[in-house]
Amino acid sequence: MRVAIIGCGSISSTHIKALIGSGEEIAALCDIEEEKAFEKKSKYELNSAVYTDYKKMLDEVRPDSVHICTPHYLHAEMAVEALGRDINVLCEKPLAISVRDCEAVVEAASKSKASYGVCLQNRYEPNMKKLREMAESIGIEAAFGTVVWKRNEDYYSKGAWRGRWDTEGGGVMINQALHTLDLMQWICGMPEYVTSSIDNYHLKDAIEVEDTASAVFELPDGRKFNFFATTAGGVDFPVQIRARLNDRRIVNAENNMMTCGKEIISTDEVTGTELKSVWGGCHRLLIEDFYDCVRTGRHFAIDAPEASKVIRLILSMYASDGSRIHVL
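Residues numbered from 1 in each chain as written. Predicted model: local features only at pLDDT ≥ 70, side-chain atom pairs only at ≥ 80, totals over all residues. Heavy atoms only, no water.

1. Brief notes about the overall build of the protein chain
- Along the protein chain, the regular secondary structure elements total 10 helices and 15 strands.
- Here the C-alpha atoms of the protein chain give a radius of gyration of 19 Å, agreeing with the 20 Å that 2.2 N^0.38 yields for 328 residues.
- With the C-alpha coordinates aligned to their principal axes, the bounding extent of the protein chain is approximately 55 × 45 × 40 Å.
- With 328 residues in all, the protein chain has 55% of them scored as buried.
- Within the protein chain, counting contacts between residues at least 6 apart in sequence, those at least 24 apart form 67% of the total.
- For the protein chain, the accessible surface area stands at approximately 14200 Å², while carbon and sulfur atoms represent 48% of it. (Helix = DSSP H or I, 4+ residues; strand = E, 2+ residues; numbered from the N terminus. Rg over C-alpha atoms; globule rule 2.2 N^0.38 Å. Buried < 20%, exposed > 50% of the residue type's maximum accessible area, 1.4 Å probe, protein only. Contact = heavy atoms within 4.5 Å. Areas by Shrake-Rupley, 256 points an atom, 1.4 Å probe, with all protein chains shown as cover.)

2. Quick notes on the packing of helix 3 (residues 54-61) against helix 4 (residues 75-84)
- The interhelical angle for the contact between helix 3 and helix 4, taken along N-to-C directions, is 20°, at an axis separation of 11 Å. The pairing of helix 3 with helix 4 is recorded here as roughly parallel in orientation. Relative to helix 4, the crossing made by helix 3 is right-handed. Each of Y54, K55 and L58 in helix 3 lies in contact with helix 4, whose residues at this interface are E77, M78, E81 and A82.
- In terms of residue class, the contact of helix 3 with helix 4 is built from 4 nonpolar, no polar and 3 charged. (Axes fitted to C-alpha atoms, helices over the stretch in contact; angles between N-to-C directions. Parallel < 35°, antiparallel > 145°, perpendicular 65-115°, else oblique. Left-handed = near helix turned anticlockwise from the far one by under 90°. Nonpolar A, V, L, I, M, F, W, Y, C, P; charged D, E, K, R; others polar.)

3. So, the side chain of R85
- With respect to the secondary-structure elements, R85 resides in the loop between helix 4 and strand 5 (88-92).
- Under the relative-accessibility criterion, R85 is labelled buried at 17%.
- For R85, the side chain forms a polar contact with the side chain of E81, separated by 2.7 Å.
- If we ignore the near neighbours within four places in the chain, the residues touching R85 are K55, L58, D59 and R62. (Polar contact = N/O pair within 3.5 Å; in protein donor to acceptor, adjacent residues only side chain to side chain.)

4. Here's the deal with the packing of aromatic side chains
- Enumeration over the complete set of coordinates arrives at 5 aromatic pairs.
- Measuring from centroid to centroid gives 5.0 Å for Y155 and Y156, while their planes differ by 90°, and the two rings are edge-to-face.
- On the basis of relative accessible area, Y156 is assigned to the buried category, the value being 6%.
- Here the aromatic cluster, defined as three or more aromatic residues joined through ring pairs, consists of F290, Y291 and F300.
- One Lys or Arg, R151, reaches over the ring of Y155 and ends 5.3 Å from the middle of that ring.
- One cation-aromatic arrangement involves R324 over Y193; the distance from NZ or CZ to the ring centre is 3.9 Å. (Phe/Tyr/Trp six-rings, centres within 6.5 Å; stacked < 30°, edge-to-face > 60°. Lys NZ or Arg CZ within 6 Å of the ring centre and 35° of its normal.)

5. Quick look at the nonpolar core
- In this structure, L95, Y116, M173 and L181 are the most contacted members of the largest nonpolar core, which totals 104 residues.
- Residue contributions to this core peak at 9 residues, all from helix 10 (residues 304-320).
- Judged by nonpolar contacts, the second largest core, of 5 residues, contains Y155, Y156, I207 and V209. (Core = buried A, V, L, I, M, F, W, Y, C linked by side-chain atoms within 4.5 Å.)

6. Digging into the packing of helix 4 against helix 5 (residues 99-111)
- Interhelical geometry of helix 4 versus helix 5 gives an angle of 15° and a closest axis separation of 9 Å. Here helix 4 lies roughly parallel to helix 5, going by the angle between them. Note that helix 4 runs across helix 5; the crossing there is left-handed. From helix 4, A76, V80 and L83 reach across to helix 5, where they touch D101, A104, V105, A108 and A109.
- For the contact of helix 4 with helix 5, a count of residues per class yields 7 nonpolar, no polar and 1 charged.

7. Focus on helix 10
- Given a rise of 1.5 Å per residue, 17 residues ought to cover 24 Å, and the 24 Å separating the end C-alpha atoms of helix 10 matches this to within 8%.
- Among the 17 residues of helix 10, 13 are classified as buried, and the element is accordingly described as predominantly covered.
- Residue D303 occupies the N-cap position of helix 10, its side-chain oxygen lying 3.0 Å from the main-chain nitrogen of E306.
- With its phi angle positive at about 55°, D321 sits one or two positions after the end of helix 10. (Expected span 1.5 Å × (residues − 1).)

8. Focus: the pairing of strand 13 (residues 257-260)
- Here strand 13 shows one buried face, formed by M258 and C260, and one open face, formed by M257 and T259.
- Taking the residues that link successive antiparallel strands as the turn, the strand 12 (residues 250-253)-strand 13 hairpin has 3 residues. (Pairing = 2+ DSSP bridges.)

9. Considerations on unusual backbone geometry
- That bond from K93 to P94 is cis: its omega, -5°, falls within 30 degrees of zero.
- Relative to the assigned elements, P94 resides in the loop between strand 5 and helix 5.
- Positive phi values are uncommon outside glycine, yet E45 reaches one of about 55°.
- Look at R62: it is not a glycine, yet its phi comes out positive at around 45°.
- In this structure, R62 sits in the loop between helix 3 and strand 4 (65-68).

Any functional reading would require information beyond the geometric quantities listed.
If you want it as structure tokens, here you go:
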């Protein structure tokens, strides 16, 4: 298929490599900083047209699909534009940074003839899939997730849009920890209530968003799961989800290691992925699945309503301010 990529920053390389590996044609690259697009074109030896205006690109190239790899605040607008032209959309997380924009994307996707998906690629991690299978077959009594990473001032200085409420939409939750919280609701179920607090512990002069967050989520059936995330860590630790199954066994799932009771399951070698022990790396598996869905007419599971769930949870955490509130 003829694919266009909007946004040629660091994450675009992951998409480009996955598309090359799966045999799709990268017909166009677009970035307001034209040199970034030409850099990617040269680095990966692509025969792609280069644009700085994504609407012009959509109209002239008319790709089969578009990958949105831009700063967060642009995701919803660009998705709505492409869907309105019946062009398939695969968007980097987050789907949007406001409830209103989530609803706009959901509506646009429902009216479009094209498919829409979001890159929540950690759902393809073998251990997380196994944990979800256990949740479905055995049941989960309680669970918690943790994300402890290190992000310093240099990280935020590389992108002026980072660290700002109006452009990034938040901090550790909507950027780094979004994937793990999505896994929690995917495995445990969609919560109804949340009590949460956020803070900025170590970059008060560099960013205006949170670097640390904690929350208690309550499901409609009374079960709870807890969540903690920070980018004020001394190093990057592997993401971790722990759960107690209904048979009382304790499961610990990371990206490259899983224990269940006394059983140890290792998945260091996973065909088709760029497995990274700290944050995972199943973009290619997700991208291949998305294009198989487009070709066969099968529904892509991580669609707009599904990808909206984690955004509503995060925005509810921001709104909580220590109070127990209904999920937005």
